[in-house]
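Listed below, chain by chain, are the residues.
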Amino acid sequence: MEMPVTERLGLHIKRVEQELMAAKHAALRPFGLTVPQYAALYTLADRPGLSAAALARACLVTPQTVATVLANLEAKDLVVRRPHPWHRKVTEVHLTDEGRRLLALADVEAVAVERRIADGFSQEERERLIELLGRASAQLAAPSEQG
């Protein structure tokens, strides 16, 4: 074995990601939201009027996933789709008043999950962790030196 399991960073990252998603799912369940639905609402609150394709990119999911998420959010009257004012083939997605209200409530719980993580680190450690994760991301984005 060229690399022991304990040194495989991907396994550690995946474990923490799964634990984070489980904690967020539990926190959002009382609001009738999934993590992808919450992510879409959160993104649309910050960037109203995104197209479904742009929302998929912003939420790091496939267009098929965002289509399902939007259909579910629309069925709950949390988002509305409107034609773009001058791009005929583009549909914009906006939060409804109920979507904004539910997001505000759910975000309190999602932030509490994030704080549970952050509270385990000093400010300097949090900054360093963000920096290190950014470097890991850059390494994966860089062309591979193996041919």
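Above this text you will find the structure in question.
An account of the accompanying structure is given in this report. This one's a predicted model, so the numbers in the text were calculated from it and none came from an experiment.

Looking now at the nonpolar core. If you look at the biggest cluster of nonpolar residues, it comprises 24 residues, and the most contacted ones within it are Leu33, Leu41, Leu44, Leu55, Leu73 and Val79. It is helix 2 (residues 35-46) that contributes the most residues to this core, 5 residues altogether. Not counting chain neighbours up to four residues away, the residues in contact with Leu55 comprise Ala40, Thr43, Leu44, Leu50, Val66 and Leu70.

Packing of helix 1 (residues 9-28) against helix 2 brings their axes to within 9 Å, and their N-to-C directions diverge by 80°. By the angle class used here, helix 1 and helix 2 are roughly perpendicular. Facing helix 1, whose interface residues are Met21, Lys24, His25 and Leu28, helix 2 presents Val35, Pro36 and Tyr38. Grouping the amino acids of the contact of helix 1 with helix 2 by side-chain chemistry returns 5 nonpolar, 1 polar and 1 charged.

What counts as what
Residues numbered from 1 in each chain as written. Predicted model: local features only at pLDDT ≥ 70, side-chain atom pairs only at ≥ 80, totals over all residues. Heavy atoms only, no water. Core = buried A, V, L, I, M, F, W, Y, C linked by side-chain atoms within 4.5 Å. Buried < 20%, exposed > 50% of the residue type's maximum accessible area, 1.4 Å probe, protein only. Helix = DSSP H or I, 4+ residues; strand = E, 2+ residues; numbered from the N terminus. Contact = heavy atoms within 4.5 Å. Axes fitted to C-alpha atoms, helices over the stretch in contact; angles between N-to-C directions. Parallel < 35°, antiparallel > 145°, perpendicular 65-115°, else oblique. Nonpolar A, V, L, I, M, F, W, Y, C, P; charged D, E, K, R; others polar.

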